[in-house]
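Single-letter residue listing:
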Amino acid sequence: MDTSPDTLKLITEMEKYKSIIDNIKECYFEVDLKGNFTFFNDSVLKLLGYSRDELLGLNYKYLADEETRSKVFKGFNMVYETGKPLSDFQYQFRNKKGEKIVGETSVYLKYDAKGNKIGFCGLFRDITKRKEEEQRFKEELENKVRLRTKELRESEEKYSNLFHHSNDAIFLHDLEGNIIDVNQRVLEQFGYTRSEILKLKIPDLHPIEELESSKKAFEEVSNKGVIRFEISFKKKNGEIFLAEVSSSLFNISGNQVIQGIVRDISERRLAEQKLKDSEKKHRNMINNLDLGFYQLSWDGILLNHNPAFSKILGFDPSENLINKNIHDFWQKPEERITYLDELKKLGYVKNYLVHAKKKNGEKIVLHLNSHILEKRKGNPNIIQGLITDITEKFKLEQKLKESEERFRNLFESMPFSIALLDQKGRVVYCNPATEKLLGYSMEDLIGEEFRNLSIIHPQYLPLIMKRFKKVIKGENLSPIDIQIYKKNGNLTWINYQTSLVNLGNESLLQAIINDISEKKKAELLIIEEVKKLKELDQIRKDLISRVSHELKTPLVSVCGGSELLLQLYKPNLDADVLELLELIEKGGKRLKYLVDNLLDITRIEYNKLKLNKELSDLSKIIKDCAKELLYLARVRELDLDLKLADNLYLEIDKIRLEQVIINLLSNAIKNTQPKGKIEILLQKKEDWAEISVIDTGIGLTKGEMDILFTRFGKIERYGEGLEYIDIQGSGLGLYISKEIVDLHGGQIRAESAGRNKGSTFIVKLPIN
């Protein structure tokens, strides 16, 4: 540590000044250039109420409002710029408790050892009480001066201007009525010269019928000293007018004199009557208004209103709401604040939307139109206006806005292009999908005529122009496919659909455009594939027909030969040979059945399956078919039950109907477990003959029923418990059966409750 004499002297001086600063009553402070406190004495802490740790480093802005901050900044900045101290600088700030303090300060600039500006220092004095005393003294002095000035002015006006320059006629007369003096207004009002009127008495200026009243007035003013009354006067020309008279008794040089101030009130009375009539008229108009009329003070106290005002707010129309605070009816206080700000600024408010509530709390929406009726001392005083209940209209508008927004969002988010054109063909609007499809921005399209945009392929432009004219006239046209150019020059296929829409008072053409490029490619591909499939189908048909005919000839030999051998030599054949021949015969019959079915398929596909109808007994046909398959049913131990209506004759192809019934019955036998039951019903129902083949077998699922009557719709079913099912077959029987029934004008269908719940096949044939 430096202990030189100079250093010790400097330390002593610093401690001395620090002691002085800490012990002075005035506040000493130091701040850096940003306004943060760097040093202060105890008086500062005592004044502000902060601890030393709280105040150290605190910025002055924390203690001041916006106005004071600006004032302090300007003052300190001036000291910084000029380097000159600022004396007697006054401003207001807050202590820790939030109390306002008025202070007076002297500010000096601080420098470091190198002469750099590093902050400010100064002394601060609390002059709050002094300011309050000064203000109070100033106000008292101003009031005294104002009062004395007023008294002097009133005295001067009373004794000078009142008499000589008054607009009222003023008389001075004695107790006998002799006129002593008059002002100029008397001469003008009564039509006399000064010399003429000074020769008269007051009673001379009244009509005869008013003399008694004049006498009483003299007596009354003599007794009371001051009176006011109304009486008629007569001018020099004889004209009578009504006047209001104020008379007072006083002394002039020891003599009693009466001063009479005469005011012609004939016009006022007429005006008052007119005003009363007008007020009554307007009061009736206001009371009969459907709109709510009101007058209220600036703080919301109701001064006047009409019945409609009460009714709108949910009160009885006759109910008096005077002195009620209108604030109670505002839903949102912030709306009232904004309303008052606008009213104060402009002096009026038009169609201001208010969310209000009725007496019972019901929420309503009002339109408010009001203006300031009167201002006093520059401040708004009375507000007058009208209210309109627009609740239903507001709700409707909200719904319309929501609907408009919903449809706009829907329109904007549509995946296909939509454009609106006016009747000149100019684009007035398009959605984002249009921009994406064409490659043009909305700015490129809107306002342009579609024919000038180089979008439509020249081949289609005449057609589009023709369609445009038809749609504008109101015609409904079917969509068409055309080609257009994108902005990049690429040609693409679109589906173009137009309609006329009304928006407001304008009819616009709405164009809906779908990009069908991929669809067109797919269509071309499908056409090619269909062509190939048709060729393949024809090859298939030809092959089936040719193969079926080619197989039929050798099958006749195989089947006929095997039958003949069995018929002639069966007793002479050993068991192995006999089994082989029976196998050949059985296989030949199955192959013949398949070939016959294939031939029938060919006939169906070439529309060559013809019926040979004749009147036949349907009951006998069913019995014959059942008899033919009875052996197969017994082998499988099935109970076959026939319930047939007798003598039911129809115009049918007997052979083909036998084919249908045998097919249905054989299917039932194949798909019914041993010990099961098959029932065949024949019933007449109105104009139909209905055949039902009912079994208790494996049943059908929904998926199986969907393919039953299709070509090659064979159902494959395997698994445990299904060993009894005969899976042999081509899947053509039911398809051919359906075609045969259809050719008869009938119907065929299957019903089943599901797996292992049996099935029913129903054939309906018309009875001619």
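Description of the structure in this document. Each chain carries its own residue numbering, running from 1 in the written order of its sequence. Local features in this predicted model are restricted to residues whose pLDDT is 70 or higher, and side-chain atom pairs enter the listing and the counts only when it is 80 or higher, whereas totals over whole chains, interfaces and linings include all residues. Remark: hydrogens and water are excluded; side-chain values derive from all non-hydrogen atoms of the structure.

**Description of the layout of surface pockets**
Leftover empty space is mapped by rolling, across the atoms, a probe with the size of a water molecule. Condition: A cavity here means a set of 1 Å grid points, computed over protein atoms only, where a 1.4 Å probe fits but cannot escape. A pocket is an open set with protein on both sides within 12 Å along at least 5 of 7 lines, and lining residues have an atom within 4 Å of a point. Grid points are joined across faces, edges and corners, and a volume is the space filled by probe spheres set on the points. A run of H or I in DSSP counts as a helix once it spans at least four residues, and a run of E counts as a strand once it spans at least two, with each numbered from the N terminus. When residues are sorted by character, Ala, Val, Leu, Ile, Met, Phe, Trp, Tyr, Cys and Pro go into the nonpolar class, Asp, Glu, Lys and Arg into the charged class, and all the rest, Gly among them, into the polar class.
What the second largest pocket holds in volume is close to 480 Å³. Secondary-structure elements contributing two or more residues to the lining of the second largest pocket are strand 1 (27-32), helix 2 (42-48), helix 4 (66-82), strand 3 (86-94) and strand 5 (117-126). The dominant element in the lining of the second largest pocket, judged by the number of residues it contributes, is helix 4, at 6 residues. Here the residues of the lining of the second largest pocket are counted per class, giving 19 nonpolar, 3 polar and 3 charged.

**Looking at the sheet that holds strand 16 (residues 417-421)**
The condition is simple: Two strands pair under a simple rule: DSSP has to find at least two bridges between them. Axis lines are fitted through C-alpha atoms, for helices just across the contact stretch, and the angle between N-to-C directions can take any value from 0 to 180 degrees. Throughout, a contact is declared for two residues whenever any of their heavy atoms are within 4.5 Å.
On the basis of which strands lie adjacent, the open sheet formed by 5 strands has the order 17-16-20-19-18 and antiparallel pairing. Sheet topology places strand 17 (427-430) and strand 18 (480-485) at the edges, where each strand pairs with a single neighbour. The average undirected angle you get between the axes of adjacent strands in this sheet is 35°. Relative to strand 20 (residues 506-515), strand 19 (residues 491-503) runs antiparallel, the two sharing 10 bridges. Residue pairing for strand 20: Ser499 is matched across the bridge by Gln510. Across the sheet, helix 15 (residues 461-472) touches strand 18, strand 19 and strand 20, and the angle it forms with strand 19 is around 15°.

**Considerations on empty space enclosed by the protein**
Counted by the stated rule, this structure contains 4 cavities of 30 Å³ or more. Its volume calculated, the largest cavity comes out at about 270 Å³. In this structure, the largest cavity is lined by 18 residues; those nearest its centre are Leu438, Phe450, Ile455, Tyr496 and Ile513. Every element with two or more residues in the lining of the largest cavity is listed here: strand 16, strand 17, helix 13 (432-438), strand 18, strand 19 and strand 20.

**Some words on the pairing of strand 4 (residues 100-111)**
Where strand 3 lies against strand 4, 7 bridges are found, and the strand directions are antiparallel. Note on strand 4: the bridge partner recorded for Arg94 is Lys100.

**Some thoughts on the side chain of Thr128**
In plain terms, the rule: Nitrogen and oxygen atoms within 3.5 Å of one another constitute a polar contact, given that in protein one can donate a hydrogen and the other can accept it, and given that sequence-neighbouring residues count only through two side-chain atoms.
Here Thr128 shows up in helix 5 (residues 128-164). Side-chain polar atoms of Thr128 contact the side chain of Asp126, separated by 2.6 Å. Not counting chain neighbours up to four residues away, the residues in contact with Thr128 comprise Lys100, Ile101 and Val102.

**Quick look at unusual backbone geometry**
Look at Asn323: it is not a glycine, yet its phi comes out positive at around 75°. Locating Asn323 in the fold gives a position in the loop between helix 10 (307-312) and helix 11 (333-346). The backbone of Lys675 shows a phi angle near 75°, a positive value even though the residue is not glycine. Checked against the element boundaries, Lys675 lands in the loop between helix 20 (654-670) and strand 24 (677-685).

**Some points on the pattern of salt bridges**
Definition in use: Take a side-chain nitrogen of Lys or Arg and a carboxyl oxygen of Asp or Glu: if they are within 4 Å of each other, that pair is a salt bridge. Three labels apply to residues, based on accessible area from a 1.4 Å probe with only protein chains included: buried if under 20% of the type maximum, exposed if over 50%, partly exposed otherwise in between.
Evaluation of the coordinates by the stated rule reveals 29 salt bridges. Across the pair Asp168 and Arg263 runs a salt bridge whose closest N-O atoms are separated by 2.4 Å. A residue pair is termed long-range when its members are at least 10 positions apart, and Asp168 in the loop between helix 5 and strand 6 (169-173) and Arg263 in strand 10 (residues 255-264) qualify at 95 residues. Under the relative-accessibility criterion, Asp168 is labelled buried at 12%. Residue classification places Arg263 among the partly exposed residues on the basis of a relative accessible area of 38%. The closest approach of N and O atoms between Asp422 and Arg426, which form a salt bridge, is 3.0 Å. The exposure class assigned to Arg426 is partly exposed, which follows from its relative accessible area of 33%.

**Regarding the packing of helix 20 against helix 22 (residues 733-743)**
The following threshold applies: Here the angle decides the label: under 35 degrees means roughly parallel, over 145 means roughly antiparallel, 65 to 115 means roughly perpendicular, and every other value means oblique. Crossing handedness follows the turn of the near helix against the far one: under a right angle anticlockwise gives a left-handed crossing, and clockwise gives a right-handed one.
Between helix 20 and helix 22, the least distance of the axes is 9 Å, while the angle of their chain directions is 140°. When the interaxial angle is binned, helix 20 and helix 22 end up oblique. Viewed along their axes, helix 20 and helix 22 form a crossing whose handedness is left-handed. Residues Arg656, Gln659, Val660, Asn663, Leu664 and Asn667 of helix 20 lie in contact with helix 22, whose contacting residues are Gly733, Leu734, Ile736, Ser737, Ile740 and Val741. When its residues are assigned to classes, the contact of helix 20 with helix 22 shows 6 nonpolar, 5 polar and 1 charged.

**Things to note about the nonpolar core**
Here is the rule we go by: Side-chain atoms within 4.5 Å link the members of a nonpolar core, which is a set of buried Ala, Val, Leu, Ile, Met, Phe, Trp, Tyr and Cys residues.
Within the largest apolar cluster, 39 residues are counted, with the highest numbers of intra-cluster contacts made by Leu618, Ile622, Leu664, Ile691, Phe761, Val763 and Leu765. Looking at this core, the elements with two or more residues in it are helix 18 (618-628), strand 23 (649-652), helix 20, strand 24, strand 25 (688-695), helix 22, strand 26 (747-751) and strand 27 (759-766). Sort the elements by how many residues they give to this core and helix 20 lands first, with 7 residues. Apart from residues no more than four positions distant in its own chain, Phe761 is found in contact with Leu664, Ile691, Ser692, Val693, Leu700, Leu708, Phe709, Leu734, Arg749 and Ala750. Counting residues in each nonpolar core, the second largest holds 31 residues, with Leu438, Met442, Val471 and Leu509 among its members.

**Side note on the packing of aromatic side chains**
We apply this condition: Between rings of Phe, Tyr and Trp, where Trp is taken as its six-membered ring, a pair exists when centres lie within 6.5 Å; planes separated by under 30 degrees are stacked, by over 60 edge-to-face, and by other angles tilted.
The final tally for this structure, using the stated rule, is 18 aromatic pairs. Where Tyr91 meets Phe124, the ring centres are 5.7 Å apart and the plane angle is 50°; that geometry is what we call tilted. Residue Tyr91 is found in strand 3, and its partner Phe124 is found in strand 5; the two are separated by 33 residues along the sequence. The same class applies to Tyr91 as to Phe124, namely buried.

**Description of the sheet that holds strand 8 (residues 226-234)**
Here we have 5 strands laid out as an open sheet, ordered 7-6-10-9-8, and antiparallel in their pairing. The outermost strands of the open sheet, each flanked by one partner alone, are strand 7 (179-182) and strand 8. Between one strand axis and the next, the sheet turns through 30° on average, direction left out of account. Note that strand 9 (residues 240-252) and strand 10 share 10 bridges and pair antiparallel. Bridging from a neighbouring strand, Ala243 pairs with Asp264 of strand 10. Across the sheet, helix 8 (residues 211-224) lies against strand 6, strand 8, strand 9 and strand 10, angled at about 160° from strand 8, the strand it touches most.

**Structural notes on the packing of helix 18 against helix 20**
Packing of helix 18 against helix 20 leaves a shortest axis separation of 9 Å and a crossing angle of 50°. Classified by the angle between their axes, helix 18 and helix 20 sit oblique to one another. Along this stretch, helix 18 crosses helix 20, giving a crossing that reads as right-handed. Taking contact as the criterion, the partners of Ile621, Ile622, Cys625, Ala626 and Glu628 in helix 18 are, on helix 20, Lys654, Glu658, Ile661, Ile662 and Leu665. Here the contact of helix 18 with helix 20 is built from residues that sort into 7 nonpolar, no polar and 3 charged.

**Looking at the environment of His355**
You can see His355 is positioned in strand 13 (residues 348-357). Residue His355 is classed as buried on the basis of its relative accessible area, which comes to 17%. Considering only alpha carbons, one finds His355 and Arg336, 19 residues apart in sequence, at a separation of 9.8 Å. Excluding residues within four positions of it along the chain, His355 makes contact with Phe329, Trp330, Gln331, Lys332, Glu335, Ile364, Val365 and Phe394. At a separation of 2.7 Å, a polar atom in the side chain of His355 contacts the side chain of Glu335.

Remember, this is a structural readout, not a statement about activity or role.
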